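Now for the letters of each chain:
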Amino acid sequence: MGAPFNQNSFDSKTEAQILFGQARDLIENTDSPKGGLGWMDKKNCENALPLLKIALSLDPDNADIRCGLGDALKTVGKNDEALFHLKKTLTIRPDMFIARLSVLNLLIKLGNYREALPLAKEGTRQNPKESMLWYAHAHCCMTTRKFDEALQSAKMALDTATIEDLTPSSRYKNNIVTMIHQARQALKSQPTAIKTDPQPG
């Protein structure tokens, strides 16, 4: 027989989902001047934080809620708290692409490339078709002077990019192409650059 039905547990998780939906409605404000990219709107995130925190208290093992809270905290500049929740999300759901990318972007923003590097490498293994993970790995490798790894990962970022990413005006495409060029130049000027395991240490 299965586990007995727990009415309180069911109600808490349902309420958490309702609150999470309300928070998303605040964050993803379609009236945003950025074309609905409300996740990038600081004020919207500030307004949603109380709802997200209550939702998480009702369902602390919900990866979507915790990741949403982490992203909102990151947007309002609470980086340490954001990093805690985003890393916790990955312990709940290690294959959650958006959580891993959020952790990587925050670590890179904070200049913590040594910690970001193995996280990015593992991400490319789990999600080899996600261009942004390859780009994050290439970025970390360039900064830690692993230029051969950077070149290969930047090429993979280009190969796995979507059609929208590759439009002539795409800033993302330009960033990848620039990184490929920089990695090639670095390898020419420093032929003895580290070319093997991208793991720090």
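Residues numbered from 1 in each chain as written. Predicted model: local features only at pLDDT ≥ 70, side-chain atom pairs only at ≥ 80, totals over all residues. Heavy atoms only, no water.

## Brief notes about the overall build of the protein chain
Thought 1: A count of helices and strands for the protein chain gives nine helices and zero strands.
Thought 2: Traced from its N-terminal end to its C-terminal end, the protein chain shows the element sequence α-α-α-α-α-α-α-α-α.
Thought 3: At a minimum sequence separation of 6, the contacts of the protein chain that also span at least 24 residues come to 57%.
Thought 4: Just so you have it, the protein chain exposes about 11200 Å², and 54% of that area is on carbon and sulfur atoms. (Helix = DSSP H or I, 4+ residues; strand = E, 2+ residues; numbered from the N terminus. Contact = heavy atoms within 4.5 Å. Areas by Shrake-Rupley, 256 points an atom, 1.4 Å probe, with all protein chains shown as cover.)

## A closer look at unusual backbone geometry
Thought 1: Residue R145 is not a glycine yet carries a positive backbone phi of 65°.
Thought 2: Examined against the element boundaries, R145 turns out to sit in the loop between α7 (131-143) and α8 (147-159).
Thought 3: According to the relative accessible area criterion, R145 is partly exposed, its value standing at 42%. (Buried < 20%, exposed > 50% of the residue type's maximum accessible area, 1.4 Å probe, protein only.)

## What to know about the nonpolar core
Thought 1: Judged by nonpolar contacts, the single largest core of 58 residues is most densely connected at L52, V103 and L104.
Thought 2: Sequence-distant contacts of L104, defined by excluding residues within four places in its chain, comprise A116, L119, A120, L133 and A136. (Core = buried A, V, L, I, M, F, W, Y, C linked by side-chain atoms within 4.5 Å.)

## Description of the confidence of the model for the protein chain
Thought 1: Chain-level pLDDT for the protein chain is 86 on average; 84% of the residues reach the 70-or-more range.
Thought 2: Confidence over residues 1-7 falls short of pLDDT 50; this stretch has one contact with residues more than four positions distant or in other chains.
Thought 3: Low confidence marks residues 193-201, where pLDDT is under 50. Its contacts with residues over four positions away, or in another chain, come to 24 contacts. (pLDDT = per-residue confidence, 0-100.)

## Things to note about the packing of aromatic side chains
The geometry of an aromatic ring pair comes down to the distance between the two centres and the angle between the two planes.
Thought 1: Scanning the entire structure with this criterion turns up one aromatic pair.
Thought 2: The interplanar angle of 70° and the centroid separation of 5.5 Å between the aromatic rings of Y135 and Y172 together place this pair among those described as edge-to-face. One end of the pair, Y135, is in helix α7; the other, Y172, is in helix α9 (residues 171-189), and 37 residues separate them in sequence. In terms of burial, Y135 and Y172 fall into one category: buried. (Phe/Tyr/Trp six-rings, centres within 6.5 Å; stacked < 30°, edge-to-face > 60°.)

## Brief notes about the environment of M96
Thought 1: Locating M96 in the fold gives a position in the loop between α4 (79-92) and α5 (97-109).
Thought 2: Considering only alpha carbons, one finds M96 and N127, 31 residues apart in sequence, at a separation of 9.4 Å.

## Some details on the packing of α5 against helix α6 (residues 113-126)
Thought 1: Contact geometry for α5 and α6: axes closest at 9 Å, N-to-C directions at 155°. Here α5 is positioned roughly antiparallel relative to α6, judged by the angle of their axes. Note that α5 runs across α6; the crossing there is left-handed. Between α5 and α6, the residues in contact are R100, V103, L104, L107 and I108 and Y113, E115, A116, L119, A120, E122, G123 and Q126, respectively.
Thought 2: Of the residues that constitute the contact of α5 with α6, the class distribution is eight nonpolar, two polar and three charged. (Axes fitted to C-alpha atoms, helices over the stretch in contact; angles between N-to-C directions. Parallel < 35°, antiparallel > 145°, perpendicular 65-115°, else oblique. Left-handed = near helix turned anticlockwise from the far one by under 90°. Nonpolar A, V, L, I, M, F, W, Y, C, P; charged D, E, K, R; others polar.)

## Focus on the pattern of salt bridges
Thought 1: A full pass over the atoms with the stated rule returns six salt bridges.
Thought 2: Note that R93 and D64 form a salt bridge whose closest N and O atoms lie 3.5 Å from each other. Remark: D64 occurs in helix α3 (residues 63-75) and R93 occurs in the loop between α4 and α5; sequence separation between them is 29 residues.
Thought 3: Residue K87 is joined to E115 by a salt bridge in which the shortest nitrogen-to-oxygen separation is 2.4 Å. Separated by 28 residues along the polypeptide, K87 in helix α4 and E115 in helix α6 bring together distant segments of the chain.
Thought 4: Look at E115 and you get partly exposed, because its relative accessible area is 32%. (Salt bridge = Lys/Arg side-chain N within 4 Å of Asp/Glu carboxyl O.)

## Some words on the side chain of D59
Thought 1: Along the polypeptide, D59 turns up in the loop between α2 (42-58) and α3.
Thought 2: The buried charged residue D59 lacks any salt bridge, with K13 as its nearest oppositely charged partner at 4.7 Å. (Lys, Arg positive; Asp, Glu negative; His and termini not counted.)

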